[in-house]
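In case you want the letters, here they are:
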There are 2 protein chains.
Amino acid sequence: MDHLKAKIRHVPDFPKPGILFYDITTLLSDQQGFRDTVDALAAPYMGEDIDQVVGIESRGFILGAAVATTLGCGFVPIRKPGKLPAASFRESYNLEYGTDALEIHQDACAGNQRILVVDDVLATGGTARAAVDLVKKAGGKVLGVAFLIELDFLNGRAKLPGEPVYSVLRY
Amino acid sequence: MDHLKAKIRHVPDFPKPGILFYDITTLLSDQQGFRDTVDALAAPYMGEDIDQVVGIESRGFILGAAVATTLGCGFVPIRKPGKLPAASFRESYNLEYGTDALEIHQDACAGNQRILVVDDVLATGGTARAAVDLVKKAGGKVLGVAFLIELDFLNGRAKLPGEPVYSVLRY
């Protein structure tokens, strides 16, 4: 997967000093890069009979919708608070300073839908943990949690015990 | 396209009293609904040799990435201010009260890339106008501006003179 890593731009000191940001926009804007990225994310789930891909706002919308299109299934958004118009469940999670929250429509995965959760980066795992919990509250069965990038040194996987986690690129 | 309209949920008084919100999440979460939606959005551009689909944050990311996957081209995000990590262009536009802004990476469409802009709804046209201007600043050539929904009574098309506008569903 080094050909994908080579297309990711490294931006030092974003969003704050001392942080090296992996900018995937240079990978996604490249025709072959986008196609290879989406195919790599979707590959383990071909034939798994996924009903819906759940994407986490905002970059998870890009990758999640692309994977849903490739798998031929539906797409469900998990959004920041106050953005979803109908009755929703909310999960809060801890940040370095303070807390944040995510929401899903209460009827989004009703009837034990087979769900693949997709996001761009697995860092500390707080967002992914909240997303998995939301899917289960909304009636879904989590078949997989897939990331384009996993930052091993932050050990986000530890927040997802028992969940089938997959990542395309690891740092 | 009435089979697509039938899957859109109507939420009265969202985000504020007196507004009828067309909630497309019920359409997108449906396997056949999502597929038909994306195919309808992409259909006019098959064979147009689009290099990149530009999607507008956030719901435009979902539809844009799905259309890019279907067309086999790259994907470029237009984001809210401060979200893009590298050097960006900014366009402000007027809201009912105050202004808002969008950004694109300066190198996103360099070299006269052939661009399709995708968003969920064409309302007053302010967002779409800003997006088209950003694509041109970033070096792209706008081949089309496509929406899932067009709200005819708001006449957003008037803000896009000379641009090839297409919408799947009209209200």
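Residues numbered from 1 in each chain as written. Chains lettered and ligands numbered in written order. Predicted model: local features only at pLDDT ≥ 70, side-chain atom pairs only at ≥ 80, totals over all residues. Heavy atoms only, no water.

### Quick notes on the interface of chain B and chain A
Much of the literature gives interface size as the accessible area that the parts lose upon coming together.
Step number 1: Taken together, the contacts link 38 residues of chain B with 38 residues of chain A.
Step number 2: Both sides of the chain B and chain A interface together cover about 2900 Å² of buried area, and 59% of this is carbon and sulfur.
Step number 3: The largest contributions to the chain B side of the interface with chain A come from Ile62(B), Phe75(B) and Pro85(B), which together make up 18% of the buried area.
Step number 4: Counting across the interface, chain B meets chain A through 2 salt bridges.
Step number 5: Where Asp107(B) meets Arg9(A), a salt bridge forms, and the shortest distance between an N and an O atom there is 2.8 Å.
Step number 6: For the side of chain B that touches chain A, the elements supplying multiple residues, two or more each, are strand E1 (9–12), strand E2 (20–23), helix H2 (25–28), helix H3 (31–42), helix H4 (59–71) and strand E4 (74–78) of chain B.
Step number 7: With 8 residues, H4(B) is the largest single contributor of residues to the side of chain B that touches chain A.
Step number 8: Along the lines of polarity and charge, the residues of the side of chain B that touches chain A split into 17 nonpolar, 11 polar and 10 charged. (Contact = heavy atoms within 4.5 Å. Buried area = accessible area lost by both parts, 1.4 Å probe. Salt bridge = Lys/Arg side-chain N within 4 Å of Asp/Glu carboxyl O. Helix = DSSP H or I, 4+ residues; strand = E, 2+ residues; numbered from the N terminus. Nonpolar A, V, L, I, M, F, W, Y, C, P; charged D, E, K, R; others polar.)

### What to know about the packing of aromatic side chains
Step number 1: Evaluation of the coordinates by the stated rule reveals 10 aromatic pairs over all chains.
Step number 2: Pairing Phe61(A) with Phe75(A) gives two aromatic rings, centres 6.0 Å apart and planes at 90 degrees, and the pair type is edge-to-face. Here the residue Phe61(A) occupies a position in helix H4 (residues 59–71), and Phe75(A) occupies one in strand E4 (residues 74–78), the gap between them amounting to 14 residues. Per residue, the accessibility class of Phe61(A) equals that of Phe75(A), and both read buried.
Step number 3: Seen in terms of ring centroids, Phe75(A) and Phe34(B) are 6.4 Å apart; in terms of plane orientation they differ by 25 degrees. Their pairing is stacked. Note that Phe75(A) is positioned in strand E4 and Phe34(B) in helix H3, a pairing that runs across two chains. Take Phe75(A) and Phe34(B): they sit in the same class, and that class is buried.
Step number 4: Following the ring pairs from residue to residue traces out a cluster consisting of Phe34(A), Phe61(B) and Phe75(B).
Step number 5: Over the face of the ring belonging to Tyr171(A) we find Lys5(A), whose NZ or CZ atom lies 4.3 Å from the ring centre. (Phe/Tyr/Trp six-rings, centres within 6.5 Å; stacked < 30°, edge-to-face > 60°. Buried < 20%, exposed > 50% of the residue type's maximum accessible area, 1.4 Å probe, protein only. Lys NZ or Arg CZ within 6 Å of the ring centre and 35° of its normal.)

### Topic: the environment of Lys136(A)
All names here are of chain A.
Step number 1: Relative to the elements of secondary structure, lysine 136 occurs in helix H5 (residues 126–137).
Step number 2: Linking lysine 136 and cysteine 109, residues 27 residues apart in sequence, is a C-alpha distance of 8.3 Å.
Step number 3: Those residues in contact with lysine 136, other than ones at most four positions away along the chain, are Arg129, Val142 and Glu163.

### Digging into the environment of Val38(B)
All names here are of chain B.
Step number 1: By the secondary structure assignment, valine 38 is in helix H3.
Step number 2: Residue valine 38 is classed as buried on the basis of its relative accessible area, which comes to 2%.
Step number 3: Residues valine 38 and threonine 69 lie 31 residues apart in sequence; the distance between their C-alpha atoms is 9.6 Å.
Step number 4: Setting aside chain neighbours within four positions, we find valine 38 in contact with Ala66, Val67 and Thr70.

### Description of the pattern of salt bridges
All names here are of chain A.
Step number 1: Tallying each qualifying case throughout the model produces 24 salt bridges over all chains.
Step number 2: In this structure, arginine 59 and aspartate 120 form a salt bridge, with 2.4 Å as the shortest nitrogen-oxygen distance. Here aspartate 120 lies in strand E7 (residues 114–122) and arginine 59 lies in helix H4, a separation of 61 residues in the sequence.
Step number 3: For arginine 59, a relative accessible area of 27% corresponds to the partly exposed category.
Step number 4: When the shortest N-O distance is used, the salt bridge between glutamate 150 and arginine 157 registers 2.7 Å.
Step number 5: Relative accessible area serves as the criterion here: at 31%, arginine 157 is assigned to the partly exposed category.

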